[in-house]
Amino acid sequence: MPNGKSMRRNTPQRKILLEELGGMNSHPTASELYEKVRKRLPRISLGTVYRNLEVLHENGQIIKLDLSGHEARFDAMVAPHCHARCTGCGKVRDLPEIDPRKFESASAEINGFLIQGFKLEYFGICPECRLHSADCLKEN
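Residues numbered from 1 in each chain as written. Predicted model: local features only at pLDDT ≥ 70, side-chain atom pairs only at ≥ 80, totals over all residues. Heavy atoms only, no water.

Thoughts on the pattern of salt bridges
To be explicit about the condition: By definition, a salt bridge exists where a carboxyl oxygen of Asp or Glu is found within 4 Å of a side-chain nitrogen of Lys or Arg. A run of H or I in DSSP counts as a helix once it spans at least four residues, and a run of E counts as a strand once it spans at least two, with each numbered from the N terminus. Partly exposed residues are those whose accessible area sits between 20% and 50% of the maximum for their type, while under 20% is buried and over 50% is exposed, using a 1.4 Å probe and protein chains only.
This model, assessed by the stated rule, comprises six salt bridges. Put simply, E32 and R73 hold a salt bridge, and the shortest N to O gap is 3.4 Å. Of this pair, E32 sits in helix 2 (residues 30-37) while R73 sits in strand 2 (residues 73-75), placing them 41 residues apart in sequence. Given the relative accessible area of 13%, R73 is considered buried. Ionic contacts of the salt-bridge type, sharing partners, join the residues K15, E19, E20 and R40 into one network.

Some thoughts on the nonpolar core
Here is the rule we go by: Only buried Ala, Val, Leu, Ile, Met, Phe, Trp, Tyr and Cys residues count toward a nonpolar core, and they belong to the same one when joined by side-chain atoms within 4.5 Å. The contact criterion used is simple: two residues touch if any of their non-hydrogen atoms lie within 4.5 Å.
L17, L33, V37, V49, L53, I62 and F74 are the most contacted members of the largest nonpolar core, which totals 14 residues. Those elements giving two or more residues to this core turn out to be helix 1 (12-22), helix 2 and helix 3 (46-58). Here the element with the most residues in this core is helix 2; it accounts for four residues. In contact with L17, not counting residues within four places along its chain, are L33, V37, V49, N52 and L56. Core analysis: the next-biggest nonpolar cluster, separate from the first, contains five residues, A84, L95, I110 and I115 among them.

Some points on the packing of helix 1 against helix 3
Applied cut-off: Simply put, an axis is a line fit to the C-alpha atoms, just over the touching stretch for a helix, and the angle between two N-to-C directions goes from 0 to 180 degrees. In what follows, roughly perpendicular refers to angles from 65 to 115 degrees, roughly parallel to angles under 35, roughly antiparallel to angles over 145, and oblique to any angle outside these ranges. Each residue is assigned to one class: nonpolar for Ala, Val, Leu, Ile, Met, Phe, Trp, Tyr, Cys and Pro, charged for Asp, Glu, Lys and Arg, and polar for all the others, Gly among them.
At a minimum axis separation of 10 Å, helix 1 and helix 3 run at an interaxial angle of 80°. Between helix 1 and helix 3, the angle is such that the two are roughly perpendicular. Across the interface between the two elements, Q13, R14, L17 and L18 from helix 1 touch T48, V49, N52, V55 and L56 from helix 3. Partitioned by chemical class, the residues of the contact of helix 1 with helix 3 number five nonpolar, three polar and one charged.

Next comes the structure, spelled out in structure tokens:
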């Protein structure tokens, strides 16, 4: 399981959140998704949407996009892929598989976006955590 946590079951609310998010390619914020889901679940609260999106993210069922200085956005496509954020309106779009090394100038165009720069972020497990994890495995 992602983050080493056990997966929590899908409630009817989570099922509807997944369905609505899966039908959107706009990478909505929690507030935007809340407005969409409220049409099907009029009594749902924004807090419930936030909590359930966090659970779905922890379960690995959705991606949470924490974009520098912007409200988190959510994506139902969990396969690894890149995103581009418009610096004008803030919209986020999927990008086809690209090799960032081929964009040496800041004027490349990808999927209609005039690329002004990029930030590549790797994530993983540090040596200390790997060592600790190995110790935990030996104890079990």
